[in-house]
Amino acid sequence: MTAELKGRPPDGTVGFLHVDMDAFYAAVEVRRRPELRGKPVVVGGTGNRGVVAAASYEARVFGIHSAMPSVRARRLCPHAVFLPGDHSHYGEVSGRVMSTLTDVTPLVEPLSLDEAFLDVRGAARLLGTASELAGRIRGRILDQEQLTCSVGVASTKFMAKLATERAKPRVGPSGVVRGPGVHVVEAGTELDFLHPLPVTALFGVGPATSRRLRRLGVETVGDLASMPEASLVAALGTAAGSQLHRLANGIDDRPVVVDRMPRSISHEETFPRDLHTASELQAEATRLGDAVSRRLRASSLVARTIVLKVRFGDFKTITRSVTLPDPTDSAREVVAAARDLLAAIDVTPGVRLLGVGASGLVETSAQQLSFTDGTETHDAAEQVTDQIRDRFGASSIGPAAAIRGDRGLRSPLDPDQRWGPDAEDPQSG
């Protein structure tokens, strides 16, 4: 198989890095509380309906992982330290980490607060090999932030991300085992590295696809690579079958994308108790829609489609959406669309979670001008509201629906409920 078919650049350059912070949220909290070092630490919603956002490796020894219900995490490790998340602080730390990465190369593609791809092929000519740069990045982040990261180095983005898993710490029967920190997949060895991996290592192979492939006798990536593409397409569909065939053969020609526009913007909230009345939920839809519109304006984006997500008390989840006549970032229009969608749903069984999202995003500069009466007045009012929030905080001003009894105004833009209601919430039950 030629270098090109393996997904490597024609010159065989190993120049893609995948940087992933180790247990980022938990590690940041331990840095702020050194007395917690070496203890199982869990960050997320601390109440009965919270979920785990991050777990230290000491907590992972007990089987705790992200997205796990906090109640289950407590059962697995009753003596763990549970902390509410502080997303704004994590964002500040992430900003400094990303700045460190852009000091190495401008070709940085952030994937989340704690993860990014880098293309260092140009930088390597001046600053050293990709593996040397990976080591320097780890050293700088450790020196500047007292945090560790793991780095995968390879000839493609896909392979670099897989390599990161080999670089990370891991947990075993005897506890936490330190990883090497950097793992390099050398040019020409991609398939040797890739094919023994379980097929679930491939992006897009979840439980359902894995079961389908297992029925075809596919257990490893190598098994998948040996199948004819036509057979995969017949079993999984054209898009999924072709993509998995390419990845199984190490083919990935995606570049690092520096300015990636988000596909959607959304806010959702799990309530301390199920809500059963339309009036309660319409108020929540107003708060969430207002927060979505604020983020749209902050990102200089407008949305074509508004999406409503409803999860009932029995965990049944439905979504409804509407495409607007014109793209918008107006709180008035986003909220109205969300409330209209909600009005068509029977909420009497009880709603556990409500979410409002915006998709079909385009940049504001690409928006067609509208001559709707009153637009200028509403735009001016929202600009003033944004300025007040920028200066005094997200909960300084907002719709009346955001007022929660004696707790005053609370906006979904405040991150305290990002991972579910906390234990001290007076409504928790």
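See the structure above.
Given the structure is predicted, the values throughout are model-derived calculations rather than measurements.

On to the overall build of the chain. In terms of helices and strands, the chain carries 15 helices and 14 strands. A separation of at least 24 residues holds for 67% of the contacts in the chain among residues at least 6 apart in sequence. Carbon together with sulfur atoms contributes 53% to the accessible area of the chain, which is approximately 20,800 Å² in total.

Strand order in the open sheet made by the four strands is β11-β14-β12-β13, with antiparallel pairing throughout. Strands at the two margins of the open sheet, each flanked by one partner only, are β11 (264-275) and β13 (317-328). Averaged over all neighbouring strand pairs, the angle between strand axes comes to 15°, with direction disregarded. Helix-sheet contacts for helix α13 (residues 278-298) involve β11, β12 (301-312), β13 and β14 (351-363), and the interaxial angle to β11 is about 155°. Against the sheet, helix α14 (residues 331-343) contacts β12, β13 and β14, and its axis sits at roughly 35° relative to β12.

T209, S210 and L213 are the residues of helix α9 (residues 207-215) that are buried. Down the axis, α9 shows its buried residues gathered within 100° of arc, on one side only. Exposed and facing more than 90 degrees away from the buried side of α9 are P207 and R215. Buried residues belonging to α9 abut α10 (221-226), α11 (229-236) and α12 (238-248). Just downstream of α9, G217 is the residue with a positive phi angle, here 85°.

Here is what the cut-offs are and how they apply
- Residues numbered from 1 in each chain as written.
- Predicted model: local features only at pLDDT ≥ 70, side-chain atom pairs only at ≥ 80, totals over all residues.
- Heavy atoms only, no water.
- Helix = DSSP H or I, 4+ residues; strand = E, 2+ residues; numbered from the N terminus.
- Contact = heavy atoms within 4.5 Å.
- Areas by Shrake-Rupley, 256 points an atom, 1.4 Å probe, with all protein chains shown as cover.
- Pairing = 2+ DSSP bridges.
- Axes fitted to C-alpha atoms, helices over the stretch in contact; angles between N-to-C directions.
- Buried < 20%, exposed > 50% of the residue type's maximum accessible area, 1.4 Å probe, protein only.
- Arc of directions from axis to C-beta.

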